[in-house]
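These are the residues of each chain, in order.
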Amino acid sequence: MPNHLQHLHLFCRELQPMADFWVEVLDATFEQYRKFGDADGAVLDMRSVTKIFLKQMDCVPADTTPRAGVDHPGVLVDDLDATLEKARNRADSRVSTEPFMSGSLRCAFITGPEGVLVEVMQQTA
């Protein structure tokens, strides 16, 4: 198998709302709760080779000041409009940008719990 991204660790202050966001809005499948060291965590399956590992950390900075590291994950979805509607229907998330085209991808950004930014994309051709 060629090199590929196997998982992405995301820190969060509140584990359950973040897990619910990934499951309810981005259609991840919950696999299990587990510990990452001493921290509570959850494993989510994105129906691909990549897993999302959420790690609850009390020391996560509250601000969203840009800094070195991951800016945002990109998630390919089957129905962009349905995904955006799910985000709009949650109190802890919002659509940050309305859909726009980038090549053959129709894209938008969603801001979820704790300010996590996710780009959602639908293949159009």
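Above: the structure in question.
Residues numbered from 1 in each chain as written. Predicted model: local features only at pLDDT ≥ 70, side-chain atom pairs only at ≥ 80, totals over all residues. Heavy atoms only, no water.

A.B. asks: What am I meant to see in the side chain of Thr-83 here?
C.D. replies: Note on placement: Thr-83 falls in helix α2 (residues 80–88). By relative accessible area, Thr-83 is classed as buried at 3%. When sequence neighbours within four positions are dropped, the list of residues in contact with Thr-83 reads Val-25, Leu-26, Val-77, Ile-110 and Val-120. (Helix = DSSP H or I, 4+ residues; strand = E, 2+ residues; numbered from the N terminus. Buried < 20%, exposed > 50% of the residue type's maximum accessible area, 1.4 Å probe, protein only. Contact = heavy atoms within 4.5 Å.)

A.B. asks: Could you clarify how one ought to interpret the environment of Asp-79 in this entry?
C.D. replies: As for its position among the elements, Asp-79 is in the loop between β5 (74–76) and α2. Residues Asp-79 and Met-121, 42 residues apart in the sequence, show an inter-C-alpha distance of 8.7 Å. Within the structure, the side chain of Asp-79 is placed 3.2 Å from the backbone nitrogen of Asp-81, a separation counted as a polar contact. Within the structure, Asp-79 has its side chain in polar contact with the backbone nitrogen of Ala-82 (distance 3.1 Å). (Polar contact = N/O pair within 3.5 Å; in protein donor to acceptor, adjacent residues only side chain to side chain.)

A.B. asks: Hey, could you run me through the nonpolar core in this one?
C.D. replies: Nonpolar side chains in soluble globular proteins generally cluster together in the buried interior. If you look at the biggest cluster of nonpolar residues, it comprises 27 residues, and the most contacted ones within it are Phe-21, Trp-22, Leu-26, Ile-52, Leu-54, Val-118 and Val-120. If you list the elements that add at least two residues to this core, you get β1 (7–12), α1 (15–24), β3 (39–45), β4 (51–56), α2, β7 (105–111) and β8 (117–123). In terms of residues, this core owes the most to one element, α1, which gives five residues. Dropping the residues within four chain positions of it, Phe-21 is found in contact with Leu-26, Arg-90, Ser-93, Ile-110, Gly-112, Pro-113, Val-116 and Val-118. (Core = buried A, V, L, I, M, F, W, Y, C linked by side-chain atoms within 4.5 Å.)

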